[in-house]
Amino acid sequence: MATATDIQGVVFKNGTATLLARIVGSDAAAINQADIDSIAYSVYQLDESDPNAATVIPGHDNVSLSVSDVVFNTLQVDARWTIDSVGYNFRHEIDVSTNPAFTVAGPYFQVRYELTPIVGQVVVARFKLRVI
């Protein structure tokens, strides 16, 4: 069984984040566009004193994304990906032009993606970002 873990990162206050991941399905194979029916994301400000408390950020609650905009059919390797030489198949830049997402320096924020596959269970990817 794979271990669930948040992807850690840092973002500037009032900035945006481009989030990258290699997402695999239950068969351990990298997902591609044909595997995914829909994707939505939410941004939450976390409460470090209460692990069950999170405040959703207005304008970033269950936002639908186009699968073809964020999922690649082949693994990508470029200067943005520094984890390994295998690559990523998911990239999303959070749009903060209308609704800011990271307005408070200090706390952690969680960006949660729910990928609904054509067949099978929902895949969750989470990023835990410190705002500086």
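Notes on the structure in this doc start here. Because the structure is predicted, anything quoted here is derived from the model rather than measured. (Residues numbered from 1 in each chain as written. Predicted model: local features only at pLDDT ≥ 70, side-chain atom pairs only at ≥ 80, totals over all residues. Heavy atoms only, no water.)

**Brief notes about the overall build of the protein**
- Helix and strand content of the protein: one helix and nine strands.
- Starting at the N terminus, the α and β elements of the protein follow one another as β-β-β-β-β-α-β-β-β-β.
- Relative to the globule expectation of 14 Å for 132 residues, the C-alpha radius of gyration of the protein, 15 Å, shows essentially globular dimensions.
- If you line up the protein on its principal axes, its C-alpha atoms span 35 × 30 × 30 Å.
- The burial tally for the protein puts 32% of its 132 residues in the buried class.
- Computing the positive centroid from 8 side-chain charges and the negative centroid from 14, the protein places the two 7 Å apart. (Helix = DSSP H or I, 4+ residues; strand = E, 2+ residues; numbered from the N terminus. Rg over C-alpha atoms; globule rule 2.2 N^0.38 Å. Buried < 20%, exposed > 50% of the residue type's maximum accessible area, 1.4 Å probe, protein only. Lys, Arg positive; Asp, Glu negative; His and termini not counted. Charge placed at Lys NZ, Arg CZ, Asp CG, Glu CD.)

**Description of the sheet that holds strand β6 (residues 71-76)**
- Across the sheet, three strands lie side by side as β2-β7-β6; this open sheet has antiparallel pairing. One side of each edge strand has no neighbouring strand; the edge strands of this open sheet are β2 (18-21) and β6. Strand-to-strand twist in this sheet, taken as the mean axis angle between neighbours without regard to direction, amounts to 35°. (Pairing = 2+ DSSP bridges. Axes fitted to C-alpha atoms, helices over the stretch in contact; angles between N-to-C directions.)

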